[in-house]
Structures are given as C-alpha cells and as structure tokens.
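Residue-level structure breakdown
Listed below are the residues making up each chain.
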Amino acid sequence: MTKKYRTIIIDDERLARQEVKRALKPFAQFEVVGEASNAEDAKALISSLNVDVMFLDIHMPEKSGLQLLEELTMVPEVVFTTAYDQYAVKAFELNALDYLVKPLRQERFNKTIEKVKNRLSEKDKDRTSVSIHQKVFVKDKENFHLIQIQDIWLLESVQNYARIHHGTNTVLIKKSLNLLEEVLPSQQFFRINRKQIVNIDYIDKIHPHFKNKLQLVFKTGDTFEVSSRQSAKFKNWISL
C-alpha cells in the first residue's frame, strides 16, 4: 500500500487554496487533511493533525506565514506559495523545500512535488526516529532559520530563552528549555542538568566524575558535566 502524506494548505484566498488542490490532484499520495485561511486556524490544525507537509502563503492579513512558523514548536516540511517573489531569497535561507509564485504552473509544481517526495521518503527510511528529521523555526534578530532537529547538539537555558547550538552556529529562541524537552525526541535528547539538554549522537566519550557524576566529551571537543541525579538516570537509560 502506498504511503499517504498528510498535507495542509494555508492561504487567506479560497481560490488560491483550490489552485493548490487542483495541482495536487495527479498525486494521490498527498492527502489534503485540512486547510486554513489564517495563521491561528492553521496553528490549531498543525497541533491536532500529524502533518507531513504544508503549502503556506507568506503574505496573509493579521499574521504572515513567517509569523505562524515562529509560533510553532516543531515545523512540518514547508512549501511557500505567494504572489510576491521578493520573498524567494528568504524562503531558501529558511531551508524551505521550495518556493512557488502564484499563479501556479503545473510543470513547476510537479518538480516541487518530486522534491517533497524525496525528502519525505528519506524520513520514512528511519521510522524509529522520524521526528529527528523535523525542524524548529528560529527568528534571530532579522534572520529566519528552519533548523533540522538532528543538527542540534546542545540546548541551554538562558533566562526565558533557550540557546540552540547547531553545527557551528548558535541562536536564541524564545521558548523555555522545559517546553523544548517535552517535544524533542526522547530517544535522542537527554536533560543532563537543570540548564542543558544534549543530543546523544554527538557524545564521543563518557567518563566517571566526582560525586557519582558523569562527564561527557563531545565530538565537537566540548565537555559537559551531568548532575548526580541525572547521571544515575543516564546510566540506566543507556544501560551503563
């Protein structure tokens, strides 16, 4: 049986939503499970449905598509649709799958669908940790980023913010570490102390430390201390 990809369409214009649905008709693998005309309704849809991909208009009244992304904790795959081509550079800086200018051209749309299918099929190859391929949206001053969860190696609490380390970059996100801990894949991320969460894929060595604590040496060269309480949990978690 062919896997269905749960798809939503977000655009304030009804005719524009219909245009995306028409373009999707040749691709039965993509099941439209919802549509919204504004960011608030879209946010409710995303939180209640297990969405694989969304076709998102950037320019909408009240809240833009970019503002919607900023309010999401985890972001599905995104294809931007808009009548304003000045957003194109920003869309690709965000690592969106693609950017379509309205009115849609079927030939161009078909190429987008191939990109979407390739990305989603990559996720399907590793079903046990598919959530590691999700993204988190970050606004850093005037810049916007969609960061792959698998690229994050450290999260740190900074007052009401969380500092996210991904690759060689660091950004601040206005979400608490507790909230992020709830949504990050638990098989991949571990809270080592009150202030830090780490991605275990980046651990190179584990050393015993004083007072029954552990010390983690990362592939980045950084070292981290696991609290006494969390060290006991960590040992059980990885069967040390």
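In short, a report on the structure. (Residues numbered from 1 in each chain as written. Predicted model: local features only at pLDDT ≥ 70, side-chain atom pairs only at ≥ 80, totals over all residues. Heavy atoms only, no water.)

**Considering the overall build of the protein chain**
Note the cut-off: Only DSSP runs of H or I covering at least 4 residues are called helices, and only runs of E covering at least 2 are called strands; the numbering of each starts at the N terminus. Throughout, exposure labels follow a simple rule: accessible area from a 1.4 Å probe, protein chains only, divided by the maximum for the residue type, with under 20% read as buried, over 50% as exposed, and the rest as partly exposed. By definition, residues are in contact when any of their heavy atoms lie within 4.5 Å. Calculation of accessible area relied on Shrake-Rupley with a 1.4 Å probe; when residues are assessed, cover is drawn exclusively from the protein chains displayed.
What the protein chain contains, in helices and strands, is seven helices and 15 strands. Taking all 240 residues of the protein chain together, the buried fraction comes to 46%. Considering only intrachain contacts with a sequence separation of at least 6, the fraction spanning at least 24 residues in the protein chain is 50%. Of the roughly 12800 Å² of accessible surface on the protein chain, 46% is carried by carbon and sulfur atoms.

**Considering the sheet that holds strand 13 (residues 203-208)**
Through backbone hydrogen bonds, the strands of a sheet pair up, either in parallel or in antiparallel fashion. Rules: Strands qualify as paired when DSSP identifies two bridges or more between them. Note on geometry: axes are C-alpha line fits, over the in-contact stretch for helices, and angles between N-to-C directions span 0 to 180 degrees.
Pairing is antiparallel in the open sheet, where three strands are placed in the order 13-14-15. The two strands at the open ends of the sheet, each matched to only one other strand, are strand 13 and strand 15 (223-226). For this sheet the average axis-to-axis angle between neighbouring strands, irrespective of direction, equals 25 degrees. Relative to strand 15, strand 14 (residues 214-218) runs antiparallel, the two being bridged by four bridges. Within the sheet, the bridge partner assigned to V217 lies in strand 15 and is T223. Lying over the sheet, helix 7 (residues 228-237) contacts strand 13, strand 14 and strand 15, oriented at roughly 70 degrees with respect to strand 14.

**Let's talk about the nonpolar core**
The condition that has to hold: The nonpolar core is taken to be a set of buried Ala, Val, Leu, Ile, Met, Phe, Trp, Tyr and Cys residues, with the residues joined through side-chain atoms within 4.5 Å.
Ranked by internal contacts, the top residues of the largest apolar core, which has 24 residues, are I10, M54, L56, L69, V75, V78 and F80. If you list the elements that add at least two residues to this core, you get strand 1 (5-10), helix 2 (39-48), strand 3 (53-57), helix 3 (65-71), strand 4 (77-82) and strand 7 (143-148). In terms of residues, this core owes the most to one element, helix 2, which gives four residues. Residues contacting V78, with those up to four places away along its chain left out, are M54, L56, L69, A96, L97, D98 and L146. Counting 17 residues, the second largest nonpolar core, distinct from the first, contains L100, L104, I113 and V116.

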